Amino acid sequence: MRRTLIAGGLALLLLGTACGESRRSDPPAAAGSPTASRQDPGQVERTLASLRKIDDLPMYEMTYDGDYDPTAGLAGTTPPSPFGCSLFAALGDRARPLFARNFDWEPNPALVLRTDPPDGYASISLVDISYLGVAADPTGDRRLLDAPLLPFDGMNERGLAVGLAADDGARAEPVPGLPKVGSVRILRLVLDSAATVDEAVAVFKRYNLDFDGGPPLHYLLADATGASAVVEFVDGKMTVDRRSGPWQALTNVPAVGVPDRELRQDRRYGVLAKELDRTGGVVDAPGALRLLNAVRQSHTRWSVTYGLRSGEVRVVTAGGGTRDYRLPMS
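Keep in mind it's a predicted model, so treat the numbers as computed, not measured. (Residues numbered from 1 in each chain as written. Predicted model: local features only at pLDDT ≥ 70, side-chain atom pairs only at ≥ 80, totals over all residues. Heavy atoms only, no water.)

Looking only at helices and strands, the protein has six helices and 18 strands in total. Of all 330 residues assigned to the protein, the portion counted as buried reaches 58%. Counting only carbon and sulfur atoms, one obtains 50% of the accessible surface of the protein, whose full area is about 12600 Å². (Helix = DSSP H or I, 4+ residues; strand = E, 2+ residues; numbered from the N terminus. Buried < 20%, exposed > 50% of the residue type's maximum accessible area, 1.4 Å probe, protein only. Areas by Shrake-Rupley, 256 points an atom, 1.4 Å probe, with all protein chains shown as cover.)

Given below as structure tokens:
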């Protein structure tokens, strides 16, 4: 579970060197005032020193050294407001299951983030750092120490991947006695503690999701065993759709309990479904990126594929820059 990312141990290995209106209700954190960091001064210095610009999106990468509190500031915390997005899990080849997504949003700076908390799973995730109040050049900005709190998609060392998409029809009614968590923050709690889709669903069930301040969301989950599920909120209640077929996809239309023929009326979902049917849910990373390109929008900021067994991660930005990573799997 625990790996030392900076000094010794197994490292996350960088393989490649190629390169609507926002209703943002989270107030920008004050400069130099992170809330989540539980790092000592040396760990802070190493984390900020690891920041590298990798693309003119702009996109950066950073390795988080040390611990953070994934529940920091939950009371009163409001999530960001993404929209668009296309996601799919291609599970037809059980030896090479794959998770892929387009993130469609405003042209904000982004971050490929490596984390390895002492009591959680190592992961690679992507973060829109504008929601931290960080400018296009974040060099030395201590607000980056809160970046673990806002993963928009990611995969952990057990091969569990998760991504989100807007679902304007969703509504989450609070369950008495459960703590409230932001609808983006929940991804961090999942990545840190869940090894399978079932465990991820159990994490969702432990919290009331807060959709205030942005469009409601639904989520696609997939794991290294070839399991997948959509988590959606229907009539105020959390509902889970576990598919038994070789693929599962998600765009911005409600999916749970909706007949397949109706889902395919959504253009992006229809394109994904047709190709995944044709291949029997067997898609490699280059093929997945071609499929994501077929459903990209003018505001697609990045496309990413996650190899749920191999640990391979490929990120392609709006400008066409490509970066390859490998997450050592446990």
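Bringing the pairing of strand β18 (residues 322–326) into the picture now. Here β18 shows one buried face, formed by R323 and Y325, and one open face, formed by T322, D324 and R326. Connecting strand β17 (residues 312–317) to the antiparallel partner β18 that follows it, the hairpin turn spans four residues, and G320 within it adopts a positive phi of roughly 95°. (Pairing = 2+ DSSP bridges.)

Further remarks concern the side chain of N102. Here N102 is to be found in strand β5 (residues 98–104). What makes N102 buried here is its relative accessible area of 0%. A distance of 2.8 Å separates a polar atom in the side chain of N102 from the backbone oxygen of L292. When residues no more than four places from it in sequence are discounted, the contact partners of N102 are C85, S86, L292, V295, R296, T300, W302 and S303. (Polar contact = N/O pair within 3.5 Å; in protein donor to acceptor, adjacent residues only side chain to side chain. Contact = heavy atoms within 4.5 Å.)

Mapping S125 onto the fold places it in strand β7 (residues 123–128). The buried category is assigned to S125, whose relative accessible area is 0%. Within polar-contact distance, the side chain of S125 engages the side chain of R188 at 3.2 Å. The contact partners of S125, leaving out residues within four places of it in the chain, are L111, V112, L113, P151, D153, G154, R188, L191 and Y306.

This brings us to the pairing of strand β4 (residues 86–90). Where burial is concerned, most of β4 is hidden: five out of the five residues are buried. Both faces of β4 are covered, namely the face carrying S86, F88 and A90 and the face carrying L87 and A89. Summarising the sheet, β4 and β5 pair through five bridges and their orientation is antiparallel. Within the sheet, the bridge partner assigned to S86 lies in β5 and is N102. Bridging between β4 and strand β15 (residues 247–250) involves four bridges; their strand directions are antiparallel. If you follow L87 over to β15, its bridge partner there is L250.

Taken over all residues, the pLDDT of the protein has a mean of 88, while the share at 70 or more is 87%. In the predicted structure, residues 1–30 sits below a pLDDT of 50 and forms 84 contacts with residues beyond four places in sequence or in another chain. Across residues 75–82, confidence stays below pLDDT 50; counting only partners more than four residues off in sequence or on other chains, it has 34 contacts. (pLDDT = per-residue confidence, 0-100.)

Turning our attention to the pattern of salt bridges. Going through the model one piece at a time under the given rule, you end up with 18 salt bridges. D56 is the partner of K53 in a salt bridge, and the nearest nitrogen-oxygen pair spans 3.6 Å. Overlapping salt bridges, with partners in common, bring together E61, R114 and R323 in one network. (Salt bridge = Lys/Arg side-chain N within 4 Å of Asp/Glu carboxyl O.)

Here we come to the environment of P174. Note on placement: P174 falls in the loop between β9 (161–166) and β10 (180–182). Using a relative accessible area of 66% as the deciding quantity, one classes P174 as exposed. As a C-alpha pair, P174 and Y207 span 33 residues in sequence and 8.7 Å in three-dimensional space.

This part is about the packing of aromatic side chains. For the structure shown, the criterion picks out eight aromatic pairs. Judged by centre distance (5.4 Å) and plane angle (90°), the ring pair of Y64 and Y68 falls under edge-to-face. The class of Y64 is buried, set by a relative accessible area of 1%. Taking relative accessible area as the criterion, Y68 reaches 3% and is therefore assigned buried. When the ring of F103 is compared with that of W302, the centres are 4.4 Å apart and the planes differ by 20°; the resulting orientation is stacked. Of this pair, F103 sits in strand β5 while W302 is found in strand β16 (residues 300–307), placing the two residues 199 residues apart along the sequence. (Phe/Tyr/Trp six-rings, centres within 6.5 Å; stacked < 30°, edge-to-face > 60°.)

So, on to the sheet that holds strand β13 (residues 228–234). Within a beta sheet, neighbouring strands are joined by backbone hydrogen bonds and run either parallel or antiparallel to one another. Here nine strands make up an open sheet; going across it, the order is β2-β3-β6-β7-β8-β9-β12-β13-β14 and the pairing mixed. On the outer flanks of this sheet lie β2 (52–55) and β14 (237–242), each paired with one strand and no other. With strand direction ignored, the average angle separating the axes of adjacent strands in the sheet is 20°. Bridge count for β2 against strand β3 (residues 59–63) is three bridges, and the pairing is antiparallel. In the strand pairing of β3, R52 is matched with E61. (Axes fitted to C-alpha atoms, helices over the stretch in contact; angles between N-to-C directions.)

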